[in-house]
Amino acid sequence: MKHNKPIQLKHILLFMLIITSVSVINLLLFPSFRKGPLGFGQPAKMTTFNAFDGSYSISHPANWTAFNTPQGNHGDTEVIAIITVSGHQMANLTISRQNLPDQTLDEVINWGQSRAEKHSGFTPVELIEISNINYDVYSFNYYWSSTNVWKKELLIYCQDFYILNQNTGYSLAYCSKEKDWPELFNYYADVQNSFVFMHN
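Residues numbered from 1 in each chain as written. Predicted model: local features only at pLDDT ≥ 70, side-chain atom pairs only at ≥ 80, totals over all residues. Heavy atoms only, no water.

### Some words on the state of the cysteines
Item 1. Under the counting rule described, the total for this entry stands at 1 disulfide.
Item 2. For Cys-158, the disulfide goes to Cys-175, at an S-S distance of 2.1 Å. Here the disulfide of Cys-158 and Cys-175 is right-handed, its torsion about the S-S bond being about 115°. Of this pair, Cys-158 sits in strand β8 (residues 153-165) while Cys-175 sits in strand β9 (residues 168-177), placing them 17 residues apart in sequence.
Item 3. The exposure class of Cys-158 is buried, given its relative accessible area of 3%.
Item 4. By relative accessible area, Cys-175 is classed as buried at 8%. (Disulfide = S-S within 2.5 Å. Helix = DSSP H or I, 4+ residues; strand = E, 2+ residues; numbered from the N terminus. Buried < 20%, exposed > 50% of the residue type's maximum accessible area, 1.4 Å probe, protein only.)

Printed below as a string of structure tokens:
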């Protein structure tokens, strides 16, 4: 009898490990198994966010916070909107815009990358062309470093999307801490796929 409790505990721990492993595999391989924005509960209800000037719309989980910044953000007048992720510090989407006559997609890419390079410890990863039936899109992956209040270095992962619509260039920058990226990546993809221009 003295050995029954350790054996039972071992079996319980093994069972919990198996359940956890299966759950992780389902989350990674089957999007329908994904839960709410924090990884738990019911699937997150999406809500639509519209630009202050009606130029675009984008959907995001309802418990994320979205706000327009028509006057810019902390002196950066190119930032026109920010969406922050609930429960995750430094996880957000920043939407920026630049208007130039006769602008090309290459110019939009150069502009977007120059914005990314302003981050401390900026390290580029890759630039990828993405096919889209409505407009040309390039994705730019990179990371940069930040320091928390305890002087510990944090890696911030980002994926920017550069889009040219008529003579207006857009940068949609999705970022989060390195440890949060695997959890948020699929949600960020869903948000990006919902981005549409309201008029052309």
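### Notes on the sheet that holds strand β7 (residues 137-147)
Item 1. Across the sheet, which stays open at both edges, the 7 strands sit in the order β3-β4-β5-β9-β8-β7-β6 with antiparallel pairing between neighbours. Of all the strands in the sheet, the pair left with one neighbour each is β3 (65-68) and β6 (123-130). Neighbour-to-neighbour, the strand axes of the sheet open up by a mean angle of 20°, direction not taken into account.
Item 2. Where β3 meets strand β4 (residues 79-84), 4 bridges bridge the pair, whose relative direction is antiparallel. Of the residues in β4, the one forming a bridge with Ala-66 is Ile-83.
Item 3. Its contacts with the sheet place helix α2 (residues 105-116) against β4, β5 (92-99), β6, β7, β8 and β9, and it is angled at close to 160° to β8. (Pairing = 2+ DSSP bridges. Axes fitted to C-alpha atoms, helices over the stretch in contact; angles between N-to-C directions. Contact = heavy atoms within 4.5 Å.)

### Side note on α2
Item 1. Between its first and last C-alpha atoms α2 spans 16 Å; for 12 residues at 1.5 Å apiece the expected length is 16 Å, and the two agree.
Item 2. Where α2 is concerned, the buried positions are Leu-105, Val-108, Ile-109, Trp-111, Gly-112, Gln-113, Arg-115 and Ala-116.
Item 3. Those residues of α2 that are buried are in contact with β4, β5, β6, β7, β8 and β9. (Expected span 1.5 Å × (residues − 1).)

### Topic: the pattern of salt bridges
Item 1. Within this structure, the stated rule accounts for 4 salt bridges.
Item 2. Measuring nitrogen to oxygen at the nearest pair gives 3.0 Å for the salt bridge that ties Asp-53 to Arg-97. In this pair, Asp-53 is assigned in the loop between β1 (46-50) and β2 (56-61) and Arg-97 in strand β5, connecting sequence segments 44 residues apart.
Item 3. On the basis of relative accessible area, Asp-53 is assigned to the partly exposed category, the value being 38%.
Item 4. Residue class for Arg-97 comes out buried when judged on its relative accessible area of 15%.
Item 5. In this structure, Arg-115 engages Asp-76 in a salt bridge whose closest nitrogen and oxygen atoms are separated by 2.8 Å. Of this pair, Arg-115 sits in helix α2 while Asp-76 sits in the loop between β3 and β4, and the two are 39 residues apart along the sequence.
Item 6. Look at Arg-115 and you get buried, because its relative accessible area is 16%.
Item 7. Each of Asp-76, Glu-78 and Arg-115 takes part in a single network of salt bridges with overlapping partners. (Salt bridge = Lys/Arg side-chain N within 4 Å of Asp/Glu carboxyl O.)

### Some remarks on the nonpolar core
Item 1. Ranked by internal contacts, the top residues of the largest apolar core, which has 26 residues, are Tyr-56, Ile-58, Tyr-170, Leu-172 and Phe-195.
Item 2. For this core, the leading source of residues is helix α3 (residues 181-193), giving 5 residues.
Item 3. Core analysis: the next-biggest nonpolar cluster, separate from the first, contains 14 residues, Ile-109, Trp-111, Phe-140 and Tyr-162 among them. (Core = buried A, V, L, I, M, F, W, Y, C linked by side-chain atoms within 4.5 Å.)

### Concerning α3
Think of an α-helix as 3.6 residues a turn; residues three or four steps apart then line up on the same face.
Item 1. The end-to-end C-alpha distance of α3 is 18 Å, a good match for the 18 Å that 13 residues give at a rise of 1.5 Å each.
Item 2. Among the residues of α3, those classed as buried are Trp-181, Leu-184, Tyr-187, Tyr-188, Val-191 and Gln-192.
Item 3. Buried residues along α3 sit in contact with β1, β2, β5, β8 and β9.

Just distances and angles here, no functional claims.
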